[in-house]
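# Close look at the chain arrangement
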Amino acid sequence: MEVATADFRRWDELIPDTLGVIFTKLPLRERLTVIPRVCKSWASAVNGPYCWQEIDIYDWCTRSEPRHIERMVEMLVTRSSGSIRKLCASGLQTERIFTFIAENAGSLRNLRLPRCDVNDFAVEQMTRKLSMISILDLSYCIRIGSNAIETIGKNCKRLEVFCRNMHPLDTSGKPLEDAEAFAVASTMPKLKSLEMTYNLITNEGVYQIFSLCPNLEHLDLRGCWGVKLDNMYVKQSFPKLNVLGPQVSGYYEREECSDISDSSDSEYDDSDMDEYDFYDDESDDGMWYHDGRIEELEFRVYEGGIEDAAMYWPPSP
C-alpha cells in the first residue's frame with residue numbers, strides 16, 4: 001500500500017518577504033548572528049530589507065556605547081534599503097548619524113529618538129526629508145527648544161503623536177515659559193496624543209494647545225507644576241480629551257511615547273542577555289555578517305548604561 005506524501009514546503013524555499021516576517025519575531029542577536037549561518041537563502045533574507053522595516057533597539061541602546069549604537073543604526077537602516085517605517089533608538093550623538101537617517105529613511109512613519117544629542121540644525125535636516133512622520137518622540141533631548149519644535153510642525157504635516165517629555169533635573173528651578181507649547185499649538189493641528197511631562201509650561205500654553213489642536217485625545221502633563229487646570233471646565237469643554245497630571249505619584253521606570261497606531265511590543269527581549277559577553281575583539285565570533293561579508297561591529301552588553309534609566313519622579317510640591 002502506497003503512503004501519500006504530505007506536500008510540505010521546505011523552509012529554505014520560502015520567498016524572502018515571508019522569511020523576513022518570520023525572522024522579525026526573533027531576538028535581534030539571533031537575527032544578526034545565528035540566522036545568517038543556517039543557509040544561503042536565510043542569510044540572503046536577513047541581509048535584505050524584509051527584516052528591517054521596523055527597528056526597535058531602545059533596550060539594547062541603554063546598554064551600549066554611543067559609537068556602537070550609531071554603527072548599529074547605520075547598518076540596520078542600510079539593510080532596510082529605504083523601506084524602514086519605524087526606528088526607535090537612544091544615545092545618538094553626532095550630526096553625521098542624524099544626517100544619515102534623514103538621507104536613508106525616507107519612508108519613516110514612526111521615529112523615536114529619546115535621550116539623543118540632537119540640535120536644531122539636525123532637527124531641520126531630518127524633518128525636511130522625513131515629512132511622512134506621524135509619530136515622533138524627542139523626549140529628554142535637551143539641546144532643542146521651541147524653534148526646533150516649530151520646524152517639526154511645519155515640516156511634518158501628518159504628525160499625530162508627539163512626545164516631548166523632560167527629566168525633572170533638567171527643568172528644576174528654571175522659570176516657566178510657554179514657547180514650546182505655543183510652537184506645538186501653532187504648527188501641529190492634527191495631534192491626537194501629546195506628552196510634555198516635566199515641562200515648564202503654564203495654563204496659557206495648555207489652553208492654547210486645547211484651542212488649536214481640536215483632534216487631541218491624550219495629553220500628559222505630569223510634573224508640569226506651572227499648570228493649574230479647571231478640571232470641570234476641561235471635562236465639559238473637551239469630553240474626548242484625557243489629561244494626565246500635573247500630579248505625579250510613585251516611581252516612573254521608563255517614559256514611553258504613547259503610540260496610538262502601533263501597539264506592538266519591543267522587537268526583542270534582552271532580559272537574558274546579561275549572561276553573555278558579546279564578544280572578544282580578537283575572535284571571529286565577535287564579528288557580524290553583513291551583506292555577505294564580516295561586519296566589524298561589536299555587540300557587547302555593558303554594565304550600567306544611561307544614567308537614570310530607572311528614575312524616581314518626585315511628588316507634587
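Presented here is a report on the structure given in the accompanying data block. (Residues numbered from 1 in each chain as written. Predicted model: local features only at pLDDT ≥ 70, side-chain atom pairs only at ≥ 80, totals over all residues. Heavy atoms only, no water.)

A few words on helix H6 (residues 95-104). Every α-helix winds through 3.6 residues per turn, so residues three or four apart in the chain are directed the same way. Within the sequence span of H6, burial applies to Ile97, Phe98, Phe100, Ile101 and Ala102. On its buried side, H6 packs onto helix H5 (66-80), strand S2 (86-88) and helix H7 (120-129). (Buried < 20%, exposed > 50% of the residue type's maximum accessible area, 1.4 Å probe, protein only. Helix = DSSP H or I, 4+ residues; strand = E, 2+ residues; numbered from the N terminus. Contact = heavy atoms within 4.5 Å.)

Attention shifts here to the packing of H5 against H6. Two elements in contact, H5 and H6, have axes whose closest approach is 11 Å; the angle formed by their N-to-C orientations is 10°. As summarised for this structure, H5 and H6 are arranged roughly parallel, according to the angle between their axes. Packed against H5, whose contacting residues are Glu70, Val73, Glu74, Val77 and Thr78, the element H6 presents Arg96, Ile97, Phe100, Ile101 and Asn104 at the interface. Considering only residue class, the contact of H5 with H6 consists of 5 nonpolar, 2 polar and 3 charged. (Axes fitted to C-alpha atoms, helices over the stretch in contact; angles between N-to-C directions. Parallel < 35°, antiparallel > 145°, perpendicular 65-115°, else oblique. Nonpolar A, V, L, I, M, F, W, Y, C, P; charged D, E, K, R; others polar.)

Time to look at the side chain of Thr127. Among the secondary structure elements, Thr127 is positioned in helix H7. If sequence neighbours within four positions are ignored, Thr127 has contacts with Thr151, Ile152, Asn155 and Cys156.

What follows covers the environment of Thr24. Relative to the elements of secondary structure, Thr24 occurs in the loop between helix H1 (16-23) and helix H2 (28-33). For Thr24, a relative accessible area of 28% gives the class partly exposed. Along the primary structure Thr24 and Val46 are separated by 22 residues, whereas in three dimensions their C-alpha atoms are 9.3 Å apart.

On to the packing of H7 against helix H8 (residues 146-155). Running from amino to carboxyl end, H7 crosses H8 at an angle of 5°, the nearest separation of the two axes being 9 Å. Comparing their axes, H8 and H7 come out roughly parallel. Within the contact between the two elements, H7 uses Asp120, Val123, Glu124, Thr127 and Arg128 and H8 uses Asn147, Ala148, Thr151, Ile152 and Asn155. Per-class residue counts for the contact of H7 with H8 are 3 nonpolar, 4 polar and 3 charged.

The subject of this paragraph is the nonpolar core. The biggest cluster of nonpolar side chains holds 71 residues, and the ones touching the most others in it are Ile57, Val73 and Phe162. Looking at this core, the element that brings in the most residues is H5, giving 6 residues. The residues contacting Val73, other than those within four sequence positions of it, are Ile57, Leu87, Ala89, Leu92, Ile97, Phe100 and Ile101. (Core = buried A, V, L, I, M, F, W, Y, C linked by side-chain atoms within 4.5 Å.)

This part takes up the side chain of Asn110. Its place among the elements puts Asn110 in strand S3 (residues 110-112). Residue Asn110 is classed as buried on the basis of its relative accessible area, which comes to 4%. A distance of 3.3 Å separates the side chain of Asn110 from the side chain of Arg112, its partner in a polar contact. (Polar contact = N/O pair within 3.5 Å; in protein donor to acceptor, adjacent residues only side chain to side chain.)

Before going further, it helps to examine unusual backbone geometry. One can expect most non-glycine residues to show negative phi and most peptide bonds to be in trans. For the bond running from Gly245 to Pro246, omega is 10°, close enough to zero to count as cis. Examined against the element boundaries, Pro246 turns out to sit in the loop between strand S8 (242-244) and strand S9 (288-290). Of note in this structure, Ser81 is not a glycine but carries a positive phi near 55°. Residue position: Ser81 is located in the loop between H5 and S2. Judged by its relative accessible area of 56%, Ser81 falls in the exposed class.

All right, on to the environment of Cys116 then. Tracing the backbone shows Cys116 in the loop between S3 and H7. Spatially, the C-alpha atom of Cys116 lies 8.5 Å from that of Ala89, the residues being 27 residues apart in sequence. With sequence-adjacent residues up to four places away left out, Cys116 is seen in contact with Ala89, Ser90, Gly91, Leu92, Phe98 and Cys141.

All chains considered together, the criterion is met by 9 salt bridges. Across the pair Glu54 and Arg85 runs a salt bridge, and its minimum N-O distance is 3.8 Å. Residue Glu54 is found in strand S1 (residues 54-56), and its partner Arg85 is found in the loop between H5 and S2; the two are separated by 31 residues along the sequence. Accessibility expressed as a relative area gives 34% for Glu54, which makes it partly exposed. Residues Glu65 and Arg67 are paired through a salt bridge, measuring 3.2 Å at the closest nitrogen-oxygen approach. (Salt bridge = Lys/Arg side-chain N within 4 Å of Asp/Glu carboxyl O.)

By the element assignment, Ser186 lies in helix H10 (residues 179-187). Assessed through its relative accessible area of 52%, Ser186 is described here as exposed. Of the polar contacts made by the side chain of Ser186, one reaches the backbone oxygen of Phe182; its length is 2.9 Å.

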